[in-house]
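Fold and geometry: a report
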Amino acid sequence: MAWIDSLFTRMHEVGASDLHMTSGRKPMLRVSGEMVTIDEAPLLNPEQMRQVLLEITPETNAAQFEQEKDTDFAYHLEGVARFRANLFEDHRGPGGVFRVIPEEILTAEQLGLPPAILEMCELHKGLVLVTGPTGSGKSTTLAAMVDHINRTRRDHIITIEDPIEFVHQDNQCLINQREVGGHTQSFKRALRAALREDPDIVLVGEMRDLETIEIAIETAETGHLVFGTLHTTTAPSTVDRIIDQFPADRQAQIRTMLSSSLKGVVAQTLCKKTEGGRVAALEVLVVNSAISNQIREGKTHQIPSMMQMGARQGMRMLNDSLFQLAQVGTISPKEALAKSVDKGGIRSLLEGAGFVLDGDAPVQELGTDSGASAPMGPEEPKSPLPSVPKPEEGASDDAFERFKQMRGR
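So, how was this worked out
Residues numbered from 1 in each chain as written. Predicted model: local features only at pLDDT ≥ 70, side-chain atom pairs only at ≥ 80, totals over all residues. Heavy atoms only, no water. 1 Å grid on protein atoms, 1.4 Å probe; cavity = no way out; pocket = protein on both sides within 12 Å on 5 of 7 lines; lining within 4 Å. Points joined across faces, edges and corners; volume = space filled by probe spheres on them. Helix = DSSP H or I, 4+ residues; strand = E, 2+ residues; numbered from the N terminus. Nonpolar A, V, L, I, M, F, W, Y, C, P; charged D, E, K, R; others polar. Buried < 20%, exposed > 50% of the residue type's maximum accessible area, 1.4 Å probe, protein only. Arc of directions from axis to C-beta. Contact = heavy atoms within 4.5 Å. Phe/Tyr/Trp six-rings, centres within 6.5 Å; stacked < 30°, edge-to-face > 60°. Pairing = 2+ DSSP bridges. Axes fitted to C-alpha atoms, helices over the stretch in contact; angles between N-to-C directions. Parallel < 35°, antiparallel > 145°, perpendicular 65-115°, else oblique. Left-handed = near helix turned anticlockwise from the far one by under 90°. Salt bridge = Lys/Arg side-chain N within 4 Å of Asp/Glu carboxyl O.

Let's shift gears to the layout of surface pockets. By volume, the second largest pocket is sized at about 330 Å³. What lines the second largest pocket is a set of 16 residues, among which N61, Q64, D72, V180 and G181 lie closest to the centre. Looking at the lining of the second largest pocket, the elements that each hand over two or more residues are α3 (59-68) and β4 (70-77). Per-element accounting of the lining of the second largest pocket gives the leading share, five residues, to β4. Its residues placed into classes, the lining of the second largest pocket shows five nonpolar, six polar and five charged.

Next comes the structure, spelled out in structure tokens:
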């Protein structure tokens, strides 16, 4: 058992989403969106950190890390979870960030995905995008959508990811999951190859460059259902971002292709719940004939007003989702205001409903009895973490070797 597994176990116990490892600092967890130090854990000097990180790093990634100073891979701890890992070098030395990927895939019903999103899972061709900033839960939403298809359809699904996060078991569908770097050289190469692999549905983990975006649109146009992700914050800005990726002399052509292939956009952001934990606020764009025309004619600035009129088709603005969550007390009015892109609009909604934003009670601090996660103070953890000599106490390579031998390596 690797030493860092103790930290992963601690991470699992308190419901943290990320583990941050930095040379010369104690490890930190992100719990309910807040960074918290693991007080009972030791600090590691750069050489110790390198040994701890490389202990779980695949050989190819270790070689890449040594040469390029960063690398990505997935790590599985049996009975706990899978983790998406990124190793890096900074001015202090080597470090790493590990994002938890639960072993159990949350279903669409457990996530409370609205009917409009489930209807996107019933499409047989077209492009569906799930967008949001890093750490907004895009992978979780996409996994739930693939799981829903896996339980309700009989299709062939190909996923292209970097790295593979949620592992899907074949149910009614055949699912082939390919990892960039391990099973294919790039997203665009795997996406081109997918067209020769008889897919019904293709999931592109990240549409990073112009060529990948173009192939995804072409794949959707040729009679396949394509799911993809972008780091945009709203549904209308997603359309603009795609078009703006292309040279000016090609944008008219791309608008035409996108107007016929784009079927829906789900933009989401994670909010801190008042009782601890986090919840996603969703913006949903369903591309109907009217919105398709606006995309084709380059009038994307009119999409938000059309979304406001499209509630019957399942469309919703991010402000509406934030306001609804604040109304039922899931999130605080302050959190709704902080996560809104349209501050003036959400302020009007909240104040119109009688919420007082100035002097609003702060979100409950981590460590209070919220019932959402275990306290992170100096209390003895369930599984005590092993100690390592601190750099300032003169820890040497020999001391670290004795520490490893003590653990029975």
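Before going further, it helps to spend a moment on helix α7 (residues 187-194). Note: α-helices contain 3.6 residues per turn, so residues at a spacing of three or four share the same orientation. Listing the buried residues of α7 in full gives F187, A190, L191, A193 and A194. Down the axis, α7 shows its buried residues gathered within 160 degrees of arc, on one side only. Packing partners of the buried residues in α7 comprise β8 (156-161), β9 (174-179), β10 (201-204) and α8 (210-221).

Scanning the model with the defined rule gives three aromatic pairs in all. With centroids separated by 5.7 Å and ring planes inclined at 40 degrees, the aromatic side chains of F8 and Y75 adopt a geometry described as tilted. Of the two residues, F8 sits in helix α1 (residues 4-14) while Y75 sits in strand β4, which places them 67 residues apart along the sequence. On the accessibility criterion, F8 (0% relative accessible area) is buried. A relative accessible area of 14% means that Y75 is categorised as buried. Plain terms: the ring middles of F8 and F98 are 5.2 Å apart, the flat faces sit at 70 degrees to each other, and that makes the pair edge-to-face. Of this pair, F8 sits in helix α1 while F98 sits in strand β6 (residues 93-101), placing them 90 residues apart in sequence. The class of F98 is buried, set by a relative accessible area of 0%. A connected cluster of aromatic rings, assembled from ring pairs, spans F8, Y75, F83 and F98.

What follows is about the sheet that holds β4. Across the sheet, which stays open at both edges, the six strands sit in the order β3-β2-β1-β6-β5-β4 with antiparallel pairing between neighbours. The open sheet terminates on both sides in strands that have one partner only, identified here as β3 (34-37) and β4. Looking at each pair of strands side by side, their axes are set apart by 25 degrees on average, direction ignored. Lying over the sheet, α3 contacts β4, β5 (81-90) and β6, oriented at roughly 150 degrees with respect to β4.

Now for the packing of α7 against α8. Between α7 and α8, whose axes approach to 9 Å, the crossing angle comes to 20 degrees. Between α7 and α8, the interaxial angle falls into the category roughly parallel. Seen from above, α7 lies across α8 with left-handed handedness. Of the residues in α8, those touching α7 at F187, K188, L191 and R192 are E211, T212, I215, A216 and T219.

So, on to the pairing of β8. Counting buried residues along β8, six of its six residues qualify, which places the element largely inside the surrounding structure. Burial along β8 is two-sided: the face carrying H156, I158 and I160 and the face carrying I157, T159 and E161 are both buried. For β8 and β9, the ladder comprises six bridges, and the chain directions are parallel. Residue pairing across strands places T159 opposite Q177, the latter belonging to β9. Bridge count for β8 against β10 is four bridges, and the pairing is parallel. Following the sheet pairing, T159 is matched in β10 by L203.

Another point: the pattern of salt bridges. The final tally for this structure, using the stated rule, is 19 salt bridges. Here D155 and R153 are joined by a salt bridge, their closest N and O atoms 2.7 Å apart. Grouping residues by exposure puts D155 and R153 together as buried. Residue E335 is joined to K339 by a salt bridge in which the shortest nitrogen-to-oxygen separation is 3.2 Å. With a gap of four residues between them, E335 and K339 both fall in helix α14 (residues 333-339), about one helical turn apart. On the basis of relative accessible area, K339 is assigned to the partly exposed category, the value being 29%. Shared partners join several salt bridges into a network, and the residues in it are R10, E13 and E40.

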